[in-house]
Amino acid sequence: MIAPHFHSPAPAARAVRKAVVPAAGLGTRFLPATKATPKEMLPVVDKPAIQYVVEEAAAAGLDDVLMITGRHKRAIEDHFDHAFELEQALTAKGDTVRLDAVRDPARLANIHHIRQGEPLGLGHAVLCARRHVGDQPFAVLLGDDLIDPRETLLSRMLDVRDRHDGTVIALMEVPPEQIHLYGCAAVEPTDEDGVVRVTGLVEKPSRQDAPSTYAVIGRYVLDPAVFDTLERTPPGRGGEIQLTDALQELAADGTVHGVVFDGLRYDTGDKADYLRTVVRLACDRPDLGPEFLAWLKEFVATAEANGAVGRRRLAA
């Protein structure tokens, strides 16, 4: 089955037009599947995870997307290119639904690719975009973080950037016992609902040292001043150049705001959450959901009643 074909209405013109998608990670948590396949190309139902990210950028009006890739990531470039032989074959068959699905990735935006020569961290990956971005503000979308297509987080962040300039980051409240998995923000309220001023940032603090339960998630709208800050940021946690460390310096000047997100977010870098993402998005699909959800209900009921025996029976 092919994903439904949607075209979002063109958003109003914005000051931010460019997006950067870091996609150079090794994907070690998904080995051996990622031995020869980029983790960003793992399918979420019938589209690779990274396509959802580019669709999100395009829906928010960002029509220039730079992919920061690495060795063995050629499949990403191929996916967002035209596949003439395949398109010709589908045209000859008159299969317009699949033809649209094949053409869509290349039509989403003007997509560019550069390589991060060494795996020196997210801050270094962002710094690799300097020549392409220039002196313009830009968005960064991490490929492991999928925001549900019905959410408008990125558009909200761009609106905050339009009003306040500076840098805007996405925040989500997490249980205290999980804060060590994230960058953590110290915040103070503003007079805008869902918008806070970020006064400090700590990369993956212990529960005892965390200034809040506001975790930084993988969406940023960055002021170009971040490049000069990254240039002088020394390697931090894990020997990598941390974007969080650079944002901490900018926050000290009062130029960083946070948008608090309480919608649907999926971490496809985690195996269990990846599976939950596939199930949830499949259930939401009008072409797959009714049949799949009916099977899922039967599977769960039988598994709870009979354990592994029930699972084997339903899988047969």
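Rules behind the numbers
Residues numbered from 1 in each chain as written. Predicted model: local features only at pLDDT ≥ 70, side-chain atom pairs only at ≥ 80, totals over all residues. Heavy atoms only, no water. Pairing = 2+ DSSP bridges. Helix = DSSP H or I, 4+ residues; strand = E, 2+ residues; numbered from the N terminus. Phe/Tyr/Trp six-rings, centres within 6.5 Å; stacked < 30°, edge-to-face > 60°. Buried < 20%, exposed > 50% of the residue type's maximum accessible area, 1.4 Å probe, protein only. Core = buried A, V, L, I, M, F, W, Y, C linked by side-chain atoms within 4.5 Å. pLDDT = per-residue confidence, 0-100. Contact = heavy atoms within 4.5 Å. Polar contact = N/O pair within 3.5 Å; in protein donor to acceptor, adjacent residues only side chain to side chain. Expected span 1.5 Å × (residues − 1). Salt bridge = Lys/Arg side-chain N within 4 Å of Asp/Glu carboxyl O.

For the rest of this paragraph, the subject is the pairing of strand E9 (residues 183-189). Regular strands place their side chains on alternate faces of the sheet. For E9 and strand E10 (residues 195-203), the ladder comprises 7 bridges, and the chain directions are antiparallel. Counterpart to Val187 in the pairing with E10 is Val198. Where E9 folds back onto E10 in an antiparallel hairpin, the turn is made up of 5 residues, including Gly194, whose phi is positive at roughly 80 degrees. Both E9 and strand E11 (residues 214-222) contribute to a ladder of 2 bridges, which runs antiparallel. Within the sheet, the bridge partner assigned to Gly183 lies in E11 and is Val216.

Moving on: the packing of aromatic side chains. The tally for this structure, following the rule as stated, stands at 4 aromatic pairs. With 5.5 Å between their ring centres and 75 degrees between their planes, Phe30 and Tyr274 make a pair best called edge-to-face. Placement of the pair is Phe30 in the loop between strand E1 (18-22) and strand E2 (43-44) and Tyr274 in helix H10 (residues 271-284), with a sequence separation of 244 residues. Phe30 sits in the buried class, given a relative accessible area of 11%.

One finds Ile50, Leu62, Val65, Met67, Leu153 and Leu154 to be the most contacted residues of the largest nonpolar core, which totals 42 residues. The element that contributes the greatest number of residues to this core is helix H1 (residues 49-59), accounting for 6 residues.

Turning next to the confidence of the model for the protein. Scored by pLDDT, the protein comes out at a mean of 89, with 92% of its residues at no less than 70. Highest mean pLDDT in the protein belongs to strand E6 (residues 138-141) (98); lowest belongs to helix H12 (residues 308-315) (51). Under a pLDDT of 50 for its full length, residues 4-13 has, in the predicted model, 10 contacts with residues more than four places off or in other chains.

So, on to the side chain of Gln116. Within the secondary structure, Gln116 sits in the loop between strand E5 (110-115) and helix H5 (122-127). Of note is the side chain of Gln116, whose polar atom sits 3.0 Å from the side chain of His124. For Gln116, the contacting residues outside a window of four places in its chain are Ala24, Ile68, Thr69, Gly70, Gly121, His124, Ala125 and Cys128.

This part takes up H10. Side chains that are three or four residues apart share a direction in an α-helix, a result of its 3.6 residues per turn. When the terminal C-alpha atoms of H10 are compared, their 20 Å separation across 14 residues agrees well with the 20 Å that a helix rising 1.5 Å per residue should span. On its buried face, H10 is in contact with E2, H1, strand E7 (145-147), strand E13 (265-267) and helix H11 (289-306). One side-chain oxygen of the residue at the start of H10 lies 3.2 Å from the amide nitrogen of Ala272, identifying that residue as Asp270.

Leaving glycine out, the prevailing phi sign among residues is negative, and the prevailing peptide bond configuration is trans. Look at the link from Leu31 to Pro32: it is a cis peptide, with omega at 5 degrees. By the element assignment, Pro32 lies in the loop between E1 and E2. Phi is positive for His72, which is not a glycine, with a value near 65 degrees. In this fold, His72 is placed in the loop between strand E4 (64-69) and helix H2 (74-79).

Turning our eyes to something else, we now look at the pattern of salt bridges. Taken as a whole and judged by the stated rule, the model has 24 salt bridges. A salt bridge links Arg107 to Asp100; its shortest N-O distance comes to 3.3 Å. Looking at Asp100, the relative accessible area reads 26%, which means it is partly exposed. As a salt-bridge pair, Arg150 and Asp148 come within 2.8 Å of each other at their nearest N and O atoms. Owing to a relative accessible area of 2%, Asp148 belongs among the buried residues under this scheme. Among the charged side chains, a salt-bridge network with shared partners connects Asp46, Arg285 and Asp287.

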